[in-house]
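Commentary on secondary and tertiary structure
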Amino acid sequence: MTTKKIFIFGMIVFSHLLSFSQQKDPTEKKIDELLSKMTLDEKIGQMNQLTGLGLSDDMVSSIRGGKVGSILNEIDAKTVNKLQRIAVEETRLGIPLVFARDVIHGFKTIFPIPLGQAASWNPQVAENGARVAAIEASAAGIRWTFAPMIDVSRDPRWGRIAESCGEDPYLTSVIGAAMIKGFQGNDLSSQTSMAACAKHFAAYGASESGKDYNTTWIPELQLREVYFPPFEAAIKANAATFMCSFNDINGVPSSGSKFLNYDVLRKEWKYDGVLVSDWESIGQMIPHGFSADLKDAALIAANAYVDMDMMSFAYINYLKDLVNSGNVSEAIVDDAVRNILRLKFRLGLFDNPYTPEYDELPFYTDDALQKAKHAAIESAVLLKNDKNVLPLNGVKTVAVVGPLLDSQADQLGTWCFDGEPAHSVTPLTAIKKEYGKKYNIVAEKGLTYSRDKSAEGIKKAVEAAQKADVVVAFVGEESVLSGEARSRADISLPGAQGELISALKATGKPVVMVVMAGRPLTIGNEVSTADAVLFSFHGGIMAGPALADLIFGEAVPSGKLPVTIPRMVGQIPVYYAHKNTGRPANNIDLIDDIPVGALQTSIGFTSYHLDAGDKPLFPFGFGLSYATFDYSDVRLSKNTISGNETLTVECDVTNSGKIDAQEVVQLYIRDKVGSLVRPVRELKDFQKITLKSGETKTVKFELTNEQLAFWNADKVKRAEAGEFQVWVSTDSQSGTPVSFWYK
Ligand code: BGC
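Residues numbered from 1 in each chain as written. Predicted model: local features only at pLDDT ≥ 70, side-chain atom pairs only at ≥ 80, totals over all residues. Heavy atoms only, no water.

Description of the site of the ligand
As a matter of local geometry, the ligand sits amid Asp102, Phe146, Arg160, Lys199, His200, Met243, Phe246, Asp278, Trp279, Met310 and Glu484. Here Asp278 contributes a side-chain N or O atom positioned 2.5 Å from an oxygen atom of the ligand. Between the ligand and Glu484, the relevant distance is 2.8 Å, taken from an oxygen atom to a side-chain nitrogen or oxygen of the residue. For the ligand, whose unbound accessible area comes to 310 Å², protein coverage reaches 93%. Of the residues that constitute the shell around the ligand, the class distribution is 5 nonpolar, 1 polar and 5 charged. (Near = heavy atom within 4 Å. Polar contact = N/O pair within 3.5 Å; in protein donor to acceptor, adjacent residues only side chain to side chain. Areas by Shrake-Rupley, 256 points an atom, 1.4 Å probe, with all protein chains shown as cover. Nonpolar A, V, L, I, M, F, W, Y, C, P; charged D, E, K, R; others polar.)

So this is what it looks like as structure tokens:
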């Protein structure tokens with residue numbers, strides 16, 4: 001072919017490709033057409049999100065005037081439709097509104113808090129929860145939820161750890177992606193789908209001292225290693241929207257961070273969804289000391305590519321002036337509006353703006369309740385079970401006590417605006433109903449709420465215990481003690497619950513402690529005292545039936561901790577993927593073991609706390625079963641891999657117990673020597689498997705160089721040559737590693 005012919009051929013191919021890509025993306029064409037008709041005012045209106053005020057004059061006139069693009073917290077389908085009708089029929093371009101709400105772990109059928117769902121280590125549990133939430137909330141006209149919250153959280157003082165998937169970037173990525181799949185369904189334009197929102201971008205979980213909204217100072221490489229991966233996974237899972245975080249990172253509030261919102265999110269990750277601010281987070285750049293006034297805040301947020309202003313009224317009041325004066329380019333506004341219109345097209349709102357008004361709302365269906373119960377079962381973590389006290393066996397009279405025994409509201413946990421406590425089935429109700437015929441149940445709450453300090457209450461609980469063969473104590477935190485702005489500096493059991501456990505133990509009866517909480521708690525003393533401990537992060541509407549089945553052996557615990565439980569607050573941050581230090585500690589004893597008069601040099605110079613040792617109370621990934629599991633040696637397909645080669649890692653796991661059960665088999669690696677020091681272990685994969693009593697299964701994992709890679713000293717993500725260790729184990733502290741080499 002001559003050069004000319006090649007050129008002509010190339011042009012033909014190119015023009016075909018061009019017209020193909022244009023045909024392929026009719027939505028982008030529609031967005032451009034619509035955008036070209038919009039005035040600057042109409043564009044800015046789309047960028048404004050307001051909280052619902054029903055059909056108030058203010059709201060109606062804002063919609064009619066094209067001054068609002070989205071409404072949050074309107075939850076009645078009829079009102080939603082009336083407001084939508086104004087947007088669609090009474091505005092010049094008829095652009096529909098999108099209605100949003102925090103539907104975090106259920107709308108009506110409340111599932112375990114997200115930290116609990118993560119404790120299931122079962123993405124299907126998380127997906128089911130989100131699907132049920134979407135079906136219920138979308139029936140009220142809500143098509144956008146502000147979930148999942150995928151902030152890696154390593155500080156249990158922080159109340160919002162309850163909403164998170166815990167401390168690990170990989171587990172958070174998997175559970176977060178499953179939630180996105182559940183919320184968005186197979187087709188975002190279906191009227192039972194909700195747009196998910198990956199929040200809070202970024203590093204909100206690192207708030208200093210676990211105090212909410214607090215500052216963070218995080219080197220870029222650590223952002224990329226620890227805090228960004230769940231957000232990248234969310235984009236892969238097609239999360240339709242993102243939300244800014246409240247905190248500043250290295251002095252820059254997220255709502256004003258061009259680095260986060262443009263350089264990383266748009267340029268590097270090519271994200272084309274909506275980025276919404278958090279509630280008033282644009283305006284809050286004033287108290288942060290980053291913006292002089294609201295106009296300045298609008299300028300900074302717009303130039304940082306925040307698409308939508310949630311409740312700061314910054315864009316609606318100042319953006320037009322800022323564009324007209326040339327301080328914000330109209331191209332930035334256009335990009336934001338494109339993202340917002342794209343969301344509305346993806347949700348099918350231009351074709352189906354109205355929500356069906358059901359006579360009977362699809363709430364609390366049997367299927368939803370069963371899924372919620374199953375989620376609560378899989379979320380509970382058995383931490384201790386001396387002499388196999390659990391499941392209860394060979395007993396006649398069971399004393400059930402404790403402030404969380406019958407608290408319909410508290411078991412729902414935080415962030416469930418629409419949950420109705422009257423629908424919660426408590427442990428007391430479930431135990432009486434399901435097991436009351438077979439066992440003699442003596443109930444006495446003792447303490448009336450978690451912070452109760454009543455000695456009289458303890459006395460009554462002890463009297464109940466004395467009549468029984470075994471005591472089951474439901475302790476923990478009220479729901480209001482975790483969640484947003486619910487940080488605690490002391491994360492022990494509140495009130496007189498510690499005394500309650502000691503007094504129960506003093507009766508000589510076996511004590512089962514069931515903890516229902518929104519975070520890990522420092523319960524070392526109570527764990528030592530109790531004979532068995534079942535930890536259930538607030539388990540939702542069906543927590544009662546789930547816990548009852550676990551206690552009486554109808555179900556087997558299979559949850560694993562998604563977050564480390566510290567011995568003491570002073571250990572925080574304490575997480576499994578820590579660095580080794582130059583002086584690693586190894587099973588250091590506690591302060592009481594130091595002989596009186598010991599010399600300074602007598603107890604070694606390694607990295608630990610004198611009064612807490614070098615270990616947490618329970619490590620990440622830990623959780624017992626009523627069965628026991630044996631792990632064989634780990635087998636590798638090769639000793640050395642290079643380039644894109646895959647390493648196969650195999651291990652035989654045997655259920656050596658007497659009962660069929662599930663086990664979460666965890667794969668960890670360690671990069672022995674790096675251009676930057678690497679964590680002592682990193683979770684890279686896991687499988688939740690079911691094993692019959694006596695059964696053995698070979699669990700197989702594939703490791704790729706992608707999983708060996710990290711953000712290294714050259715600021716690139718790459719696997720470095722050298723020795724790696726790999727564990728297949730039941731938690732983050734056990735197992736025997738095997739080495740391999742990457743070349
Ligand atoms: C929270 C967000 C939430 C928003 C809207 C804020 O206070 O930080 O997570 O989505 O409120 O309710």
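Moving on from the model shown.
Re the sheet that holds strand β15 (residues 511-517)
Taken in spatial order, the 6 strands line up as β11-β16-β15-β14-β12-β13 in an open sheet, and their pairing is mixed. Only two strands of the sheet have a single neighbouring strand rather than two, namely β11 (381-385) and β13 (440-444). Neighbour-to-neighbour, the strand axes of this sheet turn through a mean angle of 15°, independent of strand direction. Sheet topology note: the strand β12 (residues 397-401)/β13 ladder contains 5 bridges and is parallel. Looking at the pairing, Val401 lines up with Glu444 of β13. With respect to the sheet, helix α18 (residues 455-466) is in contact with β12, β13 and β14 (470-476), its orientation differing from that of β13 by roughly 170°. (Pairing = 2+ DSSP bridges. Helix = DSSP H or I, 4+ residues; strand = E, 2+ residues; numbered from the N terminus. Axes fitted to C-alpha atoms, helices over the stretch in contact; angles between N-to-C directions. Contact = heavy atoms within 4.5 Å.)

Examining the nonpolar core
One finds Trp144, Phe201, Phe242, Tyr315 and Leu319 to be the most contacted residues of the largest nonpolar core, which totals 129 residues. In terms of residue count, the dominant contributor to this core is helix α15 (residues 330-346) (8 residues). Each of two domains, domain 2 (373-552) and domain 3 (629-742), supplies a minimum of three residues to this core. Among residues more than four places away in sequence, those in contact with Leu319 are Ile44, Met47, Ala302, Ala314, Val328 and Val333. (Core = buried A, V, L, I, M, F, W, Y, C linked by side-chain atoms within 4.5 Å. Buried < 20%, exposed > 50% of the residue type's maximum accessible area, 1.4 Å probe, protein only. Domains from an automatic or database assignment.)

Notes on the sheet that holds strand β9 (residues 274-276)
Spatially, 3 strands are ordered β5-β6-β9 in an open sheet, and the strand pairing comes out parallel. Sheet topology places β5 (197-201) and β9 at the edges, where each strand pairs with a single neighbour. Within the sheet, the average angular offset between the axes of one strand and its neighbour, ignoring direction, is 25°. When β5 meets strand β6 (residues 241-244), the two strands line up parallel, connected through 3 bridges. Opposite Ala198, over in β6, you have Phe242 as the bridge partner. Lying over the sheet, helix α10 (residues 229-236) contacts β5 and β6, oriented at roughly 160° with respect to β5.

Looking at the environment of Lys211
With respect to the helices and strands, the residue Lys211 is situated in the loop between β5 and α9 (220-227). Along the primary structure Lys211 and Ile180 are separated by 31 residues, whereas in three dimensions their C-alpha atoms are 28 Å apart. Not counting chain neighbours up to four residues away, the residues in contact with Lys211 comprise Trp158 and Ser487.

Here's the deal with the side chain of Thr109
Mapped onto the elements of the fold, Thr109 is located in the loop between β3 (98-101) and α6 (114-119). Among the polar contacts listed, one links the side chain of Thr109 to the side chain of Glu136, at a separation of 2.5 Å. Within the structure, the side chain of Thr109 is placed 3.4 Å from the backbone nitrogen of Tyr364, a separation counted as a polar contact. Every residue in contact with Thr109, bar those within four places of it in the chain, is listed here: Val132, Glu136, Tyr364, Ala368, Leu369, Ala372 and Ile541.

What to know about the packing of aromatic side chains
Any aromatic ring pair is given by two values, namely how distant the centres are and how the planes are angled relative to each other. With the rule as written, the count across this model stands at 25 aromatic pairs. Ring centres 5.8 Å apart and planes at 65° place the aromatic pair Phe107 and Phe363 in the edge-to-face group. Taken as a pair, Phe107 in the loop between β3 and α6 and Phe363 in the loop between α15 and α16 (366-379) lie far apart in primary sequence, 256 residues in all. For the residue pair Phe107 and Phe363, the accessibility class agrees, reading buried in each case. Judged by centre distance (5.7 Å) and plane angle (35°), the ring pair of Phe201 and Phe228 falls under tilted. Residue Phe201 is found in strand β5, and its partner Phe228 is found in the loop between α9 and α10; the two are separated by 27 residues along the sequence. You can call Phe201 buried: its relative accessible area is 0%. Feature note: the residues Trp121, Tyr170, Tyr576, Phe620, Tyr668 and Phe686 constitute an aromatic cluster, connected by ring pairs. The ring of Trp415 carries the charged tip of Lys199 above its face, separated from the ring centre by 5.4 Å. Taking NZ or CZ as reference, Arg224 lies 4.6 Å from the ring centre of Trp711, over its face. (Phe/Tyr/Trp six-rings, centres within 6.5 Å; stacked < 30°, edge-to-face > 60°. Lys NZ or Arg CZ within 6 Å of the ring centre and 35° of its normal.)

Considering helix α2 (residues 26-37)
Helix length check: α2 (12 residues) gives 17 Å between terminal C-alpha atoms against 16 Å at 1.5 Å per residue, within 8%. Those residues of α2 not exposed but buried are Ile31, Leu34 and Leu35. Buried positions in α2, seen along its axis, are confined to an arc of 100° and lie on one side of it. Away from its buried face by more than 90 degrees, α2 exposes Lys29 and Ser36. On the buried face of α2, the contacting elements are α3 (40-46) and α15. (Expected span 1.5 Å × (residues − 1). Arc of directions from axis to C-beta.)

Some thoughts on the side chain of Asn48
As for its position among the elements, Asn48 is in strand β1 (residues 48-51). Since its relative accessible area comes to 2%, Asn48 is described here as buried. Leave out the neighbours within four places in its chain, and Asn48 touches Lys67, Val68, Gly69, Ser70, Met308, Asp309 and Ile316.

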